[in-house]
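In case you want the letters, here they are:
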Amino acid sequence: MTLGGDVIDLRSDTVTKPSEEMRRAIARAEVGDDVLDGDPTTRRLEARVAELLGHETALFFPTGTQANQVAIGLLARPGTEIVVEADAHLLHYEQHGAAAIWGVQLAAVPTPEGVLTPTLVREALRPKSPDLPETAAIAVENSHNAAGGRVMDMARMQSVRAVADDAGVPLLVDGARLWNAAAFLGVEPGRLATLGTLVMVSFSKGLGCPVGSCLVGPKTLLEAGVVLRRRLGGGMRQSGILAAACLYALDHHLPRIVEDHATARVLADALADHPNVTLVAPETNIVMLDLKQHRAGEALEVIRAAGVLLSKFGPSRLRAVTHMGVTGEEVACAAEHIARALA
Ligand SMILES: *Cc1c(COP(=O)(O)O)cnc(C)c1O
């Protein structure tokens, strides 16, 4: 296998390219100016996502990052903080945005496996004091990327929501991969999503769209969200071109997302007994490989030379993500190359 045509790209579930059918759906999209008087396809997507996730309204965004930033701007005032798991995407990749744009800080709560507990969340809430920042919100990432796609189950979500309710603070769900979490739990995505005050979902990860995220929540809050989105440059004109791909993905890609979990298990099973690798059996589409002998950067290059692309997730950790662009056979083949490279 050589780099080029038959590379197996497991760097991320964002590497998928739109299929011919998705491109046809894009080409057919009815569009308008969403900053002037509205784009009909974007309205259809927002209505569908709000209904699917059991919320009053949805707002369409180009990226999950922008949707999360608007959520932060809606929930937190300058000088307040948001409680978040210490390995969360919000912390690793979006904290500087929260600081620079909103003057909001994030309070990191370390957990052994990426899953917050109600006790840890309660302990992280600030007592009312002129010396301390006010806790503005609690954030949960489900599934949790850096924790290897770990899922917070319904009972845990409910207990964290109860802590939030007791404290009178909103719960923000970073659900870039909420679809995967729901599929793993065997529940409708709405069952998980209704537990959040605001919930961000992505179409550009496991659902295989070129771009797109939605933020769902209460109507009055998201009316203010339109203003913040505009402020961040998120007013998109003929956005129906993008929304059409998302509608297509809800019909055709959402039902198949469990297949990515099966493929992730193929990879994990094939490497489970490898003497130089430690891994936890995946719940969803992410497999973290902890290397006992190799440095991640060097291993990445050797594996890459064999035609398999992974990403580095720490000095001795590699991440593999399965997605609709790779088959079970390809992933089994990738596992063989990885096993040989790490022998
Ligand atoms: C990818 C991701 C985001 C950000 O989404 P973008 O569309 O890349 O901006 C936020 N949260 C999580 C958990 C993600 O995986």
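Notes on the structure in this doc start here. (Residues numbered from 1 in each chain as written. Predicted model: local features only at pLDDT ≥ 70, side-chain atom pairs only at ≥ 80, totals over all residues. Heavy atoms only, no water.)

What follows is about the layout of surface pockets. Considered as a void within the structure, the largest pocket measures approximately 330 Å³ in volume. Residue lining of the largest pocket: 21 residues in total, with A147, G148, R150, V280 and R317 positioned closest to the centre. At 4 residues, strand β10 (residues 286-291) tops the list of elements feeding residues into the lining of the largest pocket. By residue class, the composition of the lining of the largest pocket is 10 nonpolar, 4 polar and 7 charged. Size it by volume and the second largest pocket reaches roughly 270 Å³. Lining the second largest pocket we find 13 residues, and of these D9, V15, K17, H323 and G325 sit closest to its centre. Among the residues making up the lining of the second largest pocket, the classes are represented as 4 nonpolar, 4 polar and 5 charged. (1 Å grid on protein atoms, 1.4 Å probe; cavity = no way out; pocket = protein on both sides within 12 Å on 5 of 7 lines; lining within 4 Å. Points joined across faces, edges and corners; volume = space filled by probe spheres on them. Helix = DSSP H or I, 4+ residues; strand = E, 2+ residues; numbered from the N terminus. Nonpolar A, V, L, I, M, F, W, Y, C, P; charged D, E, K, R; others polar.)

On to the site of the ligand. Inspection of the region around the ligand gives T63, G64, T65, N68, H89, E94, E141, D174, A176, R177, M200 and K205 as its neighbouring residues. Contact distances for the ligand include 3.4 Å between a nitrogen atom and a side-chain N or O atom of H89. K205 has a polar side-chain atom sitting 2.7 Å from an oxygen atom of the ligand. With the chains in place, 86% of the 380 Å² that the ligand exposes on its own is no longer accessible. Of all the elements in the fold, those that place two or more residues in the shell around the ligand are α3 (64-75) and α4 (89-102). In terms of residues, the shell around the ligand owes the most to one element, α3, which gives 3 residues. Split by residue class, the shell around the ligand holds 2 nonpolar, 5 polar and 5 charged. (Near = heavy atom within 4 Å. Polar contact = N/O pair within 3.5 Å; in protein donor to acceptor, adjacent residues only side chain to side chain. Areas by Shrake-Rupley, 256 points an atom, 1.4 Å probe, with all protein chains shown as cover.)

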